[in-house]
Each structure stands twice: as C-alpha cells, then as structure tokens.
Amino acid sequence: MANKPNLKIKDLHVAIDEKEILKGVNLEINGGEIHAIMGPNGTGKSTLASALMGHPRYEVSKGEALLDQADLLDMDVDERARAGLFLAMQYPSEVSGVTNSDFLRSAINAKRDEGNEISLMKFIREMDKKMELLEMDEKFATRYLNEGFSGGEKKRNEILQLMMLNPRIAILDEIDSGLDIDALKVVAAGVNAMRGDEFGALIITHYQRLLNYIKPDFVHVFMQGRIVKSGGPELAERLEAEGYDWVKEELGIEDETVGQQG
Ligand SMILES: Nc1ncnc2c1ncn2[C@@H]1O[C@H](COP(=O)(O)OP(=O)(O)OP(=O)(O)O)[C@@H](O)[C@H]1O
Ligand SMILES: [Mg+2]
C-alpha cells in the first residue's frame, strides 16, 4: 500500500512584526491530491507558504500544522524539508558562487542519512533526465543558482528542484507567473509527472489557465488571511470569468486584504 502523505493545517494564525496576516487557515492535503489556492493580491497566500516552510520572520500565534502527524511548527526549515515538505517560491533567490548542480546535490544529500549519499553518477543521470523533460539547456547545471536566470528560467529551475528532491508535499507559489505558453506546458508536465499517491501539492496561482494543464482536485479562495470558500475546478473557471466580486458579495466581505490593523 502506498504511504500517503498528509498535511493538516488547523486554525493557523500567523503574524509579521506583531501584525496578524493569517487569520485561521484550515486545510488538509492528502497524497494523490492537488489543491489550488486563488485569491486577490495581498490576502496572505505567500505568507501561508512561507510560514509552513518555517521562515523565521513569521510568527505562529495560534493553530497547528501537522505533516504525517508530526508537528511541523516545531521543526527547523531543514527538518521540514527532510520530513518531505517543499516550497517553490514566488521570488526564488539568486545565490552566487554555488552552481545549480552543487546546490541540488547538497539538498538531496541533506535529506539522506550520512553514508547514504547519492552517487555522482546517479545524480548526473537523474538530473540529465529531468532537465531534458523540462527542456532546460545543460548549461543550467553549471550556472550559479538562479543568478541572471530570466523569470521563466527561474520557475523552470524550481520545478527541476521539485523533481529532484521528490517531496511528499509541495507548495508551488505562482509557479506560472511570467511563463510563456510553451514554458507553462513544460512546467505543468513536470508537476504532473510527480502525481501519485505519495505526492500532494498546493498550487497558488492567479490564473485558471495553469489549472487547465494541472487539473486540481480542489480549489480554494483566499481572502482576509484565510480560506473563505472551497470547491472543485469549476470554481476556478467562475473566478476567471467573473472575478472575485461575487465571492465578496456572497460572504459579505468588503475589504479582502489582510487589512492595515492587526
Ligand atoms: N515580511 C513582511 N513584512 C511586512 N509585511 C508583510 C511581510 N510579508 C507579508 N507582508 C504583508 O502581508 C500581506 C500578505 O502578503 P502575501 O505576500 O502573503 O500576499 P499574497 O496573497 O501572496 O499576494 P500576491 O497575490 O500579491 O502574491 C501583505 O499586505 C504584505 O504586505
Ligand atoms: Mg504571493
């Protein structure tokens, strides 16, 4: 039987510099499921991603996040990665002096026990295979991590990391932003290649188009620092066609952002 991952977020409240941004997020993701979060700018979507990954500036004031029943909030960033969590960032950082392939090999080995490191041959074989699938030129293996990469190249590189690290749960924050149509398809193919009972994903996006290529099982609307509405793929289609006003009206929401006051 497949060992299905499970991410459970219960009533999560998160603050930055005393200002509450997340105000009670509830969400459960199981292996085999793709969840999409859509929502207006400044409603806390990336904050959710960063808080789950353990960004030090984000302070959890209330609630729980469990990965396979283990308390994520108690773990350091590297422990979260080892537990099987992965985050593709909206704005990936550039790291000069570290090549893409060195970074990836270290990241893979950091998840493995000492003495059980991936062999160089196997690593190169895997990386070549994945880069081919993502239609990445091999020179990206030896370039410094994200340095001078175009917006689209960075996104492709995030998916390369995803495929190489093989996490149990992945959070992909605006993986489609800035991609041309061909790149969008390639990136979607990479995510779809990960699909299976031992993988679950949370995809944050502004555009329904991505969801034509990566079919979500659940779609959630994010406003005011929490999920305010959930449904299936049809919900994304309605948002694309009609925007967010009908959701705000339905729920009596005037200001969808996290607000200026704590
Ligand atoms: N480090 C920070 N310092 C101060 N304010 C922050 C910080 N991070 C986030 N915020 C604020 O929290 C709110 C939510 O930001 P967040 O990035 O989570 O929004 P988002 O839903 O991802 O928006 P977008 O769709 O534009 O990416 C914003 O008002 C933002 O300015
Ligand atoms: Mg964001």
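Before reading further, recall that the structure is shown in the block above.
Quick caveat: nothing in here was measured; it's all calculated off a predicted structure.

### Comments concerning the sheet that holds strand β5 (residues 70–71)
At step 1: Taken together, four strands build an open sheet; the order of strands is β2-β1-β4-β5 and the sheet is antiparallel. Taken across any chain shown, the strands that pair with only one partner, and hence form the sheet edges, are β2 (19–30) and β5.
At step 2: Inspection of the sheet shows strand β1 (residues 6–16) paired to β2 by nine bridges, in the antiparallel sense. When the sheet's bridge partners are listed, L12 is paired in β2 with V25.

### Some words on the site of ligand 1
At step 1: In the neighbourhood of ligand 1, 13 residues make up the surrounding shell, with N41, G42, K45, S46 and T47 lying closest.
At step 2: Here the shell around ligand 1 gets three residues from one element, more than from any other, and that element is helix α1 (residues 45–53).
At step 3: Across the shell around ligand 1, the residue classes tally to three nonpolar, eight polar and two charged.

### Thoughts on the environment of I29
At step 1: Along the polypeptide, I29 turns up in strand β2.
At step 2: Separated by 173 residues in sequence, I29 and L202 have C-alpha atoms that sit 7.8 Å apart.
At step 3: Excluding anything up to four places from it in sequence, I29 contacts L7, H35, I169, G200 and L202.

### Some thoughts on the environment of V219
At step 1: Its location among the elements puts V219 in strand β9 (residues 218–223).
At step 2: We classify V219 as buried; it has 25 C-beta atoms within 10 Å.
At step 3: Sequence separation between V219 and I34 is 185 residues; the distance between their C-alpha atoms is 8.8 Å.

### Some points on helix α5 (residues 151–165)
At step 1: With 15 residues, α5 extends 21 Å between its outermost C-alpha atoms, agreeing within 8% with the 21 Å of an ideal straight helix rising 1.5 Å per residue.
At step 2: Buried within α5 we find K155, R156, N157, E158, I159, L160, Q161, L162 and M163.
At step 3: The first or second residue beyond α5 is N166, which carries a positive phi of 50 degrees.

### Details of the sheet that holds strand β7 (residues 169–173)
At step 1: In space, the six strands of this open sheet follow the order β6-β7-β8-β3-β9-β10, with mixed pairing throughout. With one partner strand each, in any of the chains shown, β6 (85–88) and β10 (226–231) form the two edges of the open sheet. Averaged over all pairs of adjacent strands, the angle between their axes in this sheet comes to 20 degrees, without regard to strand direction.
At step 2: Here β7 pairs with strand β8 (residues 200–204) via five bridges, running parallel. By the bridge assignment, D173 is partnered in β8 with I204.

### Considering the nonpolar core
At step 1: By size, the foremost hydrophobic cluster in this structure holds 61 residues, and its most contacted members are L52, A170, L172, V187, A201 and I203.
At step 2: Ranked by residues supplied to this core, first place goes to helix α6 (residues 181–194) with six residues.
At step 3: With residues up to four places along the chain from it excluded, the contact list for L172 reads A88, A201, I203 and I204.

### Here we look at the packing of α5 against α6
At step 1: Running from N to C, α5 and α6 point in directions that differ by 10 degrees, and their axes come no closer than 10 Å. Relative to α6, α5 is oriented roughly parallel. Two secondary-structure elements touch here, α5 through G152, K155, R156, I159, L162 and M163 and α6 through A183, V186, V187, G190, V191, A193 and M194.
At step 2: Here the contact of α5 with α6 is built from residues that sort into nine nonpolar, two polar and two charged.

### Examining the packing of helix α4 (residues 120–133) against α5
Two quantities define a packed helix pair, namely the angle between the helix axes and the distance between the axes.
At step 1: For the pair α4 and α5, interaxial distance at closest approach is 10 Å and the crossing angle is 135 degrees. As far as their axial angle goes, α5 and α4 are oblique. Handedness of the crossing formed by α4 with α5: right-handed. For the pair α4 and α5, the contacting residues are E126, M127, K130 and M131 in the first and L160, M163 and M164 in the second.
At step 2: Residue composition of the contact of α4 with α5, grouped by class: five nonpolar, no polar and two charged.

So, how was this worked out
Residues numbered from 1 in each chain as written. Chains lettered and ligands numbered in written order. Predicted model: local features only at pLDDT ≥ 70, side-chain atom pairs only at ≥ 80, totals over all residues. Pairing = 2+ DSSP bridges. Helix = DSSP H or I, 4+ residues; strand = E, 2+ residues; numbered from the N terminus. Near = placed C-beta within 6 Å. Nonpolar A, V, L, I, M, F, W, Y, C, P; charged D, E, K, R; others polar. Contact = placed C-beta atoms within 7 Å. Buried ≥ 20, exposed ≤ 12 C-beta atoms within 10 Å, placed from the backbone. Expected span 1.5 Å × (residues − 1). Axes fitted to C-alpha atoms, helices over the stretch in contact; angles between N-to-C directions. Core = buried A, V, L, I, M, F, W, Y, C linked by C-beta atoms within 7 Å. Parallel < 35°, antiparallel > 145°, perpendicular 65-115°, else oblique. Left-handed = near helix turned anticlockwise from the far one by under 90°.

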